[in-house]
Amino acid sequence: MKIKKSTKALAAAASLAMLSTVGLSVCGGSDSGETDSNGKPIIRVALIKRSTQIEAKEMKLQKDLEAACDCTIKWDEILDTQWSQQASTVLASGDVADITVWGYNSSNFAQYDYWEDLSDDLDQMPNVQAYFKEVPNAKKFGSDIDGHVWQVPSDYGNASGAKWSSGQNLMINKSWLEKLGLEVPKTWDDLTKVLTAFKNDDPNGNGEADEIPMLINQLGTAGFNWWDPFLLLNGTGLNTQMIANGNQGIYIKDGKIGNFMITDNFRQVIEYYHSLIEQGLMPKDILTRDSSQNSADISNDGKTAKVGLIFGWNTGNFGDLKDQYESIEVPAAPGVSYEETTWEPQFEDIYNGACVKAGLDDEHKAAALKIINKWIEPDTSMESYYGDLDKYISNEGDGKYKVIEFQKDLSTYGLADRGLTYVSDDMSVEGDEDKVLAEKDGKTYETQQSHIGDKDLIPAYVRLSAEDNTTVSNNNSNIFNYAMPLISTWIQDGGLTDAKWNEYVDTMKQQGVDENVKLWQKWYDKTMAEE
């Protein structure tokens, strides 16, 4: 059963009080038909953004969207670092924005009854209708198993670097390898030797022992993430889908679903990372240090590299140092052949887009639909992603666009993937440095990706029923609350014994790991049978 806003009045009051204490803005919708001084509807649009992205109010995009909707847009621009805390509070209160872009996913839509079912509004959004006809998987992504359409997702399509890579890369300082006469590591043993040389042999040549052989990102508190340390599982022969259902620990092999958190492969990765910390090859506080410290170390002063190896988006992560780095295949764990290693698959770049608050009056709902319909027009999509048309990107005709100025000091002139974007197959973008790097880095993994079997991937549009989604979500809360602190401790401090591992596995099963696997298997089988 979905949670309705009317059942959450007390939670709303508590949530608002909480927001006032932590200094976060409420991203609620229009107040009962809010209008501007000219009597036009005010539409509140929530954007979940990175700190490096421009404010929407500074873009030409706002004027273009307002002209289309004959309304006034007020933006609630929320940093994704804040949203990770704020989302649960907003969901508890039901005080969602009129339109939210990027903020909610299929689990939220299954659990809460706060958004408009757009399936019977598509005739008011002809651009969306055409989009869904051309890209059926986009409609599947935005829908539930009963055909309700809860969001219009973004699809960066043919222009996307993600189409040419998984967006997940293991990157090493090739300049350090060359200076030290080392080969790209092919096994975990090779990797340990390389990292040891990075630590001891002054590869950056500044005469100081300031090299950090390897950095990994913090573990998530509610699941696994992009550029997650457990991408190393691919070196054990277990392929991950971290950007999809793998963020719950779910994987599939030969059509049989499991949870990698209770596999020997997972334990092997934990123990390997701890061995690196013991040898001084990763910082002792690697899982508790602030992420900004990692970012500062990765780019350093733009002249002298400090970091040897990371997981990340592409070599552009290193800024002015990017030419020193290259993507490498994941090394094989002990006892694993190269043919058994895998890597995150290439994927359709379809991701969370725009949803509309339920219960808007006719005038405000119509304006919201017009905003979404306009936003996915080619010119509007391009200026949303890259910045103002004719200033940062130009329309060269015949579906071809050219980036005039990409970004400055890693800060974007557009909203990038945090706006709403649709790029059709007959569109192309020239001059996107990020796409160029993604294509280059992505080719590294083509062979390892080819090791993934036909029944070793879960399509992103596999959905659970509302009831089963609630069960899985509740189980996951217990699972990750229990597991993540323990895993972090084992990686940083050690202490993982056979007895403790067996206790951990037993507890994970008590918390619902097996039940989640069973439910995912049910809906995977049902979806595949309907293909």
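Residues numbered from 1 in each chain as written. Predicted model: local features only at pLDDT ≥ 70, side-chain atom pairs only at ≥ 80, totals over all residues. Heavy atoms only, no water.

Caption draft 1: Seen up close, the overall build of the protein. A count of helical and extended segments in the protein gives 17 helices and 16 strands. Its C-alpha atoms give the protein a radius of gyration of 24 Å, within 12% of the compact-globule value 24 Å for 531 residues. In terms of principal-axis extent, the alpha carbons of the protein reach across some 70 × 55 × 50 Å. Within the protein, the proportion of its 531 residues that are buried is 55%. The long-range share in the protein, meaning contacts at least 24 apart out of those at least 6 apart in sequence, stands at 76%. Summed over all atoms, the accessible surface of the protein reaches about 22,600 Å², with 46% contributed by carbon and sulfur. The protein carries 48 positive and 85 negative side-chain charges, and their two centres are separated by 1 Å. (Helix = DSSP H or I, 4+ residues; strand = E, 2+ residues; numbered from the N terminus. Rg over C-alpha atoms; globule rule 2.2 N^0.38 Å. Buried < 20%, exposed > 50% of the residue type's maximum accessible area, 1.4 Å probe, protein only. Contact = heavy atoms within 4.5 Å. Areas by Shrake-Rupley, 256 points an atom, 1.4 Å probe, with all protein chains shown as cover. Lys, Arg positive; Asp, Glu negative; His and termini not counted. Charge placed at Lys NZ, Arg CZ, Asp CG, Glu CD.)

Caption draft 2: Expanded view of the environment of A368. Its place among the elements puts A368 in helix α11 (residues 362-375). Each C-alpha atom, one on A368 and one on L65, is 9.9 Å from the other, the two residues being 303 residues apart in sequence. Excluding residues that lie within four positions of it along the chain, A368 makes contacts with I43, I99, V356 and L360.

Caption draft 3: Structural detail: helix α15 (residues 466-493). Along its 28 residues, α15 runs 40 Å from first to last C-alpha, staying within 8% of the 40 Å computed at 1.5 Å per residue. Remark: the principal bend of α15, roughly 25°, maps to F480. G494 lies just past α15 and shows a positive phi near 80°. (Expected span 1.5 Å × (residues − 1). Bend = angle between axes of the 7 residues up to and from the residue.)

Caption draft 4: Structural detail: the sheet that holds strand β2 (residues 72-79). One open sheet holds the 5 strands; their spatial order is β2-β1-β3-β11-β4, and the pairing between them is mixed. On the outer flanks of this sheet lie β2 and β4 (152-155), each paired with one strand and no other. If you compare each strand with its neighbour and ignore which way they point, the axes differ by 20° on average. Relative to the sheet, α11 contacts β1 (42-49), β2, β3 (99-101), β4 and β11 (350-356), its axis offset from that of β1 by approximately 45°. (Pairing = 2+ DSSP bridges. Axes fitted to C-alpha atoms, helices over the stretch in contact; angles between N-to-C directions.)

Caption draft 5: Quick look at the packing of aromatic side chains. Throughout the structure, instances matching the rule amount to 29 aromatic pairs. Centroid distance Y131 to F132: 5.4 Å. Interplanar angle 40°. Geometry classified as tilted. Just as Y131 is buried, F132 falls in that class too. Ring pairs connect the aromatic residues W83, Y104, F109, Y112, Y114 and W115, which therefore count as one cluster. Between the NZ or CZ atom of R418 and the centre of the ring of W102, over which it lies, the distance is 3.7 Å. Of note, R463 hangs over the ring of F141, and the distance from its end group to the ring centre comes to 5.2 Å. (Phe/Tyr/Trp six-rings, centres within 6.5 Å; stacked < 30°, edge-to-face > 60°. Lys NZ or Arg CZ within 6 Å of the ring centre and 35° of its normal.)

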